[in-house]
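Fold and contact review
Here are the chains, one letter per residue:
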Amino acid sequence: MKVDLLIIGGGISGAGIALEAAKRGVKALLVEREDFAWGTSSRSSKLVHGGLRYLKQGALHLTWESVRERDQLLRDAPGLVEPMPFAMAHNPGAKPGRATLQAGLMLYDLLAGRRTRGYADAAQMQWLVPGLPALSGASLYEDATTDDARLTLRVLQEAQSLGTVVRNRTELLALRRDATGQVIGASLRGPDGFSQDIECRCAIAATGAYLGELAAQTGLPAPKIRPLRGSHLLLPLWRLPLSRAVAWSHADDGRPVFAYPWQGALLVGTTDLDHPDLSLAPRITAPEQDYLLRALNQAFPQAGLSARDIRSTWAGVRPVLDSGAGVDPSKESREHLVLAHQGLVAISGGKLTTFRRMAREALAKARPWLPMLGPETGPGILLPAAAGAGIPARLSGRFGARATEVLAQGRQPLWGQTLTGELRHSLQHEQVHHLDDLLLRRTRLGLLASDFGRSLLPALQPHCQQLLGWDAARFEQECQRYLALMHDQHKAL
Ligand SMILES: Cc1cc2nc3c(=O)[nH]c(=O)nc-3n(C[C@H](O)[C@H](O)[C@H](O)COP(=O)(O)OP(=O)(O)OC[C@H]3O[C@@H](n4cnc5c(N)ncnc54)[C@H](O)[C@@H]3O)c2cc1C
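Calculation notes
- Residues numbered from 1 in each chain as written.
- Predicted model: local features only at pLDDT ≥ 70, side-chain atom pairs only at ≥ 80, totals over all residues.
- Heavy atoms only, no water.
- UniProt positions renumbered as here; feature names shortened; annotations may be inferred.
- Helix = DSSP H or I, 4+ residues; strand = E, 2+ residues; numbered from the N terminus.
- Pairing = 2+ DSSP bridges.
- Axes fitted to C-alpha atoms, helices over the stretch in contact; angles between N-to-C directions.
- Contact = heavy atoms within 4.5 Å.
- Domains from an automatic or database assignment.
- Buried area = accessible area lost by both parts, 1.4 Å probe.
- Salt bridge = Lys/Arg side-chain N within 4 Å of Asp/Glu carboxyl O.
- Polar contact = N/O pair within 3.5 Å; in protein donor to acceptor, adjacent residues only side chain to side chain.
- Nonpolar A, V, L, I, M, F, W, Y, C, P; charged D, E, K, R; others polar.
- Near = heavy atom within 4 Å.
- Areas by Shrake-Rupley, 256 points an atom, 1.4 Å probe, with all protein chains shown as cover.

The next subject is the UniProt feature "domain: Alpha-glycerophosphate oxidase C-terminal" (unreviewed entry) in the protein chain. The UniProt feature table records "domain: Alpha-glycerophosphate oxidase C-terminal" (unreviewed entry) at residues 393–474. Within the segment residues 393–474, helix and strand shares are 61% and 6% respectively, and the terminal C-alpha atoms sit 35 Å apart.

Attention shifts here to the sheet that holds strand S2 (residues 28–31). Within the open sheet, the six strands sit side by side as S7-S2-S1-S11-S19-S18. Their pairing is mixed. Two strands lie at the open edges of the sheet, namely strand S7 (165–167) and strand S18 (337–341), each paired on one side alone. On average, each strand axis in the sheet is tilted by 15° relative to the strand beside it, whichever way the strands run. For strand S1 (residues 5–8) and strand S11 (residues 202–205), the ladder comprises four bridges, and the chain directions are parallel. Counterpart to Leu 6 in the pairing with S11 is Ala 203. Relative to S1, helix H1 (residues 12–23) is tilted by about 160°, and along the sheet it contacts S1, S2, S11 and strand S19 (344–348).

Turning our attention to the domain arrangement of the protein chain. Annotation of the protein chain at the domain level lists domain 1 (5–41 + 149–224 + 333–369), domain 2 (227–317) and domain 3 (409–489). In this structure, domain 1 and domain 3 have C-alpha centres spaced 28 Å apart. Tallying the contact residues gives 13 residues for domain 1 and nine residues for domain 3. Approximately 980 Å² of surface area, both sides summed, lies buried where domain 1 meets domain 3, with 38% of it carried by carbon and sulfur atoms. For the pair domain 1 and domain 3, the interface holds four salt bridges. Between Arg 150 and Glu 430 there is a salt bridge, with the nearest N and O atoms lying 2.7 Å from each other. For the interface between domain 1 and domain 3, the tally reads eight residue pairs in polar contact (both at pLDDT 80 or more). It is helix H6 (residues 148–161) that provides the largest number of residues to the side of domain 1 that touches domain 3, a total of four residues. Of the residues that constitute the side of domain 1 that touches domain 3, the class distribution is seven nonpolar, two polar and four charged.

Near the ligand there are 33 residues, and of these Ser 13, Glu 32, Ser 41, Leu 47 and Thr 353 occur at the shortest range. One nitrogen or oxygen atom from the main chain of Ser 45 is found 3.0 Å from a nitrogen atom belonging to the ligand. Protein contacts shield 98% of the accessible area of the ligand, which totals 1,000 Å² for the unbound molecule. Among the elements of the structure, H1, strand S12 (225–236) and strand S17 (312–321) are those that each provide at least two residues to the shell around the ligand. Of all the elements, S17 adds the most residues to the shell around the ligand, at three residues. Taken together, the residues that form the shell around the ligand break down as ten nonpolar, 17 polar and six charged. Of the residues that make up the shell around the ligand, three or more belong to each of domain 1 (5–41 + 149–224 + 333–369) and domain 2 (227–317).

Structure (structure tokens):
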């Protein structure tokens, strides 16, 4: 196989590069060694946001880029990227105070070119967020939320529709180089265990927190990464029925924490702790769970929430550039990093929200080896998706131009808003190799449904049998693997 560009890593960064390259006439192959969005891109806080905290760090440029990209994604993918109103509670003596936050929000609005900020006094807050004692009122603003894994899959789907080849469970064994050291190809190993050599003009590695491992494997001179873990809780929404996102400062350490309604559940986040050993899959620890529960009970004392209320948990790892100063994790810069060396470009860090801008930077670095790279197109990030009559926004957001096809596969709800058609489409077209691919990333049922969706498993069996050819023994084996993984990485402690 001969391509212009090899992309290593199938998270949002790799997917974004694949789409941007395809739009600009570059023939690419993307390989992901686990599953698409298996890394941080399915384990984020799922906000498409400007990042108010970056303003505090003085990163105006990062905030400006982020709010612009947020607004473009809201236009491109309604139903997948959706506005979320926020209330940041003020209490006497707590930081940031009203004046500071309102000044920050004014700047946030200015950078976005539209006004969303407001203020609600304590009496109004009783209506907006019942149960939250915001004695000094709350500042109001708007950001957006998404389904991070589905956003990654939508971007990949569009890259594929423009000719990019994407393969999961395919690992980079080695890069191949000419006598001068320039990358000319790669050896890959696919899901069947066979290796294959391909030719390419250059490669871009978008391996997220695994940049260090890739650098060691390929000889790329890369700076030190400080992997930081952020953990989350998911609770049934009826335990704390919020209709908007609420952010407040944790009484223990003043860090911002938040809770918001997500896909019919309550998402709570997050922590920011060193995760030095990347060979250990990220999972919440008991102190992190206690920290987040304490935050909830500080803000909503009457809800009386405990570990028994938690439906599922997850943790993701941020590849943050190590300043080497041993500073508090939350103070490390969130800027991304792009490097180029002898036909290998590497990109790491950044945000889900800014994937297109990161893709453009990576491709700009690869330009010397990609003479066919066309000009940037825009302003759209995703390809236009005609929302046909009767197609729920949820489907056109997730499946773009293929939404009609998905609906034709089955309109019956499987669980919550997830339709049987979504499941069948994923089994047929989205390279599902294991049950956890289906329940954790193609759908989010593993996190959303009680007991990790165990009671749904019998209903999935005929679809897996028909579309993947799994016999009863294979299905049973997949169920065991899936439940073991959920207990290991996603349960409440
Ligand atoms: C706790 C947390 C919360 C966050 N919340 C937000 C948020 O709300 N909003 C936001 O905008 N951003 C958020 N972010 C940031 C955002 O999630 C990440 O920047 C983004 O997901 C990183 O995507 P990526 O593709 O670079 O990395 P990843 O998603 O980690 O993808 C890298 C992929 O590369 C693969 N890979 C590694 N090595 C190889 C190899 N040798 N061969 C093939 N494949 C390989 C891995 O399997 C992995 O799938 C958050 C991050 C964290 C940690």
